[in-house]
Amino acid sequence: MKQFEGIYPAIITPIDEDEEINEKALAQVIEKTIGQGVSGFYVSGSTGESFLLRDEQRVQLIKAVCAIVDGRCDVIANIGTFSTRASIKMANAAAECGVTAISAVPPFYFSYSKREIVQYYFDIAEASGMPVILYNIPKMSGVSFGTEELVELLAHDGIVGVKQTTMDLMQTEALVRTCRDKAVFNGHDEILLPALSVGVRASIGSTFSIMADVFVQLKKAFDAGDMERARYLQGKGNGMIRTLLEIGIFPAIKGVLKLQGIDCGNCIKPFQPLRPEDYQKLEKALVDLYGG
Ligand code: NAY
């Protein structure tokens, strides 16, 4: 079974003024982060504003990322959407683009039973034949998985891992220990170091688009047993994350990329453009992170 290891940016979706995908900026973000040592990309996730994109834009995005990456590292595409049939259609399109694996947010908005959610994942895995990574993000999806449910889902041959976008490190530890042949991804950048300490080997995160180097170095320091440096780097990253969260994580990430010289546009409305005072805060956070 494929081993996933390292830092995976949950990549933003650069857009132009008409809210169409800007593939040139997408390539710039991908090249910058590959240069910083990332292991792959998580595309069309929350950070990618996937639920604000039209279906054909989502496929365009996945196709573009696969073409730009061109086999240099992994591409994981979130294909989850409101119905099982539509998710399978998106999974098949992603498979045609050449992704390494697919991931699927649980079906949301209507409150489904656990039985329905489990079947949704089995149907996607079986119909697509693609390796599936569960997407555990209770804060946004409103679906809270219990540890036993995740273990049951991970027992399926087609389900190869889970992305834990939750602060519940007790659950993450239990999954790493119980599901040894499956990939457990950390999904909150601000707790990468504690997640590594419970045995996680890979992390998917939105802030890696702007500071992958910090987290690549953090993991290297952890693997080398240099806890002082690992803690220092987590603290550095968390300084930036605090500012991003205060402003609004996704618009703020695009704001930082703009300050770093890559214009990814704004987030799709109803997200609002940043204000001058937001850019001032981001500039300060960048100086605190990388120096002036
Ligand atoms: C996705 O699909 O894009 C993600 O889940 C990325 C993970 C991010 N989660 C959320 C809810 O934004 O990287 C995290 C997060 O932005 C970061 O840890 C700051 O809280």
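These numbers were taken from a predicted model, which means no experiment stands behind them.

Draft legend 1. View of the site of the ligand. Taken together, the neighbourhood of the ligand is formed by 20 residues, with T47, Y135, K163, E190 and S206 sitting nearest. The backbone of S46 places a nitrogen or oxygen atom 2.9 Å from an oxygen atom of the ligand. Within the side chain of H188, one N or O atom sits 3.0 Å away from an oxygen atom of the ligand. Protein contacts shield 95% of the accessible area of the ligand, which totals 480 Å² for the unbound molecule. Looking at the shell around the ligand, the elements with two or more residues in it are helix 10 (227-247) and helix 11 (249-259). Counted by class, the shell around the ligand contains nine nonpolar, eight polar and three charged residues.

Draft legend 2. Broad picture of the packing of aromatic side chains. Enumeration according to the criterion identifies 12 aromatic pairs in this entry. Between the aromatic rings of F4 and F185, the centroid separation amounts to 5.4 Å while the plane-to-plane angle is 55°, which identifies the pairing as tilted. Taken as a pair, F4 in the segment before strand 1 (6-9) and F185 in strand 7 (residues 183-186) lie far apart in primary sequence, 181 residues in all. Judged on exposure class, the residue F4 and its partner F185 are both buried. Ring plane angle 80° and centroid distance 5.7 Å describe the contact between Y42 and Y135, whose orientation is recorded as edge-to-face. Within this pair, whereas Y42 is found in strand 2 (residues 40-43), its partner Y135 is found in strand 5 (residues 132-136), the two being separated by 93 residues in sequence. On the basis of relative accessibility, which here comes to 1%, the residue Y42 falls in the buried class. An aromatic cluster of three or more residues is present, and its members are F4, Y8 and F185. Across from the ring centre of F4, 4.9 Å away, lies the NZ or CZ of K2, which sits over that ring. The lysine or arginine in question, K163, covers the ring of Y42, its NZ or CZ lying 5.0 Å from the ring centre.

Draft legend 3. Representation of the pattern of salt bridges. Overall, the coordinates contain 15 salt bridges when judged by the stated rule. Residue R177 is joined to E173 by a salt bridge in which the shortest nitrogen-to-oxygen separation is 2.8 Å. Here R177 pairs with E173, and both are found in helix 7 (residues 169-178), just four residues apart, close to one helical turn. For R177, a relative accessible area of 46% gives the class partly exposed. Across the salt bridge formed by R201 and D223, the nearest N and O atoms sit 3.1 Å from each other. One end of the pair, R201, is in the loop between helix 8 (192-197) and strand 8 (202-205); the other, D223, is in helix 9 (residues 208-223), and 22 residues separate them in sequence. Of the residues examined, R201 reaches a relative accessible area of 30% and is grouped as partly exposed.

Draft legend 4. Fine view of the sheet that holds strand 1. Here we have eight strands laid out as an open sheet, ordered 1-8-7-6-5-4-3-2, and parallel in their pairing. A strand with exactly one partner marks an edge of an open sheet, and here the two such strands are strand 1 and strand 2. Between one strand axis and the next, the sheet turns by 25° as a mean value, whatever way the strands run. In this structure, strand 5 lies alongside strand 6 (residues 159-164), joined through five bridges in parallel fashion. Considered in strand 6, the bridge of L134 is made with V162.

Draft legend 5. Main features of helix 6 (residues 147-154). Three or more residues of helix 6 are buried, namely E149, L150, L153 and L154. Along the long axis of helix 6, the arc covered by the buried residues comes to 130°, so they all point the same way. Looking at the buried positions of helix 6, the neighbouring elements they touch are helix 4 (114-128), strand 5, strand 6 and helix 7.

Draft legend 6. Representation of the side chain of E149. Of note, E149 is situated in helix 6. At 2.7 Å, the side chain of E149 forms a polar contact with the backbone nitrogen of G146. Contacts of E149, omitting those with residues within four sequence positions, involve K114 and S144.

About the thresholds
- Once a new chain begins, its residue numbering starts again from 1 and follows that chain's sequence as written.
- Whole-chain, interface and lining totals are the exception, using all residues; otherwise, since this is a predicted model, local features are given only for residues with pLDDT of at least 70 and side-chain atom pairs are given and counted only at 80 or more.
- Neither water nor hydrogens contribute to the side-chain values; these are computed over all heavy atoms in the structure.
- What makes a residue near a molecule or strand is one non-hydrogen atom of that residue sitting within 4 Å of it.
- Under the rule applied, a polar contact is a pair of N or O atoms within 3.5 Å (in protein, one hydrogen donor and one hydrogen acceptor; residues adjacent in sequence only if both atoms are side-chain atoms).
- Each accessible area is a Shrake-Rupley result for a 1.4 Å probe, and residues are judged covered by the shown protein chains and nothing else.
- Secondary structure elements follow DSSP: runs of H or I of four or more residues count as helices, runs of E of two or more count as strands, with numbering from the N terminus.
- Three categories are distinguished: nonpolar for Ala, Val, Leu, Ile, Met, Phe, Trp, Tyr, Cys and Pro, charged for Asp, Glu, Lys and Arg, and polar for the others, with Gly belonging to the last.
- Whether two aromatic rings pair depends on their centres lying within 6.5 Å, for rings of Phe, Tyr and Trp, where Trp uses its six-membered ring; planes under 30 degrees apart make the pair stacked, over 60 edge-to-face, and the rest tilted.
- The classification of residues rests on relative accessible area computed with a 1.4 Å probe and restricted to protein chains. Under 20% of the type maximum is buried, over 50% is exposed, and intermediate values are partly exposed.
- A ring has a charge above it when a Lys NZ or an Arg CZ is no more than 6 Å from the ring centre and no more than 35 degrees off the ring normal.
- Any carboxyl oxygen of Asp or Glu that lies within 4 Å of a side-chain nitrogen of Lys or Arg is treated as forming a salt bridge with it.
- Strand pairing follows a simple DSSP-based rule, namely that at least 2 bridges must link the two strands.
- Fitted lines through C-alpha atoms serve as axes, helices being fitted only where they are in contact, and the angles separating the N-to-C directions of these axes extend from 0 to 180 degrees.
- What the arc measures is the spread of directions leading from the helix axis to the C-beta atoms.
- Whether two residues are in contact is decided by their heavy atoms, any of which lying within 4.5 Å being enough.

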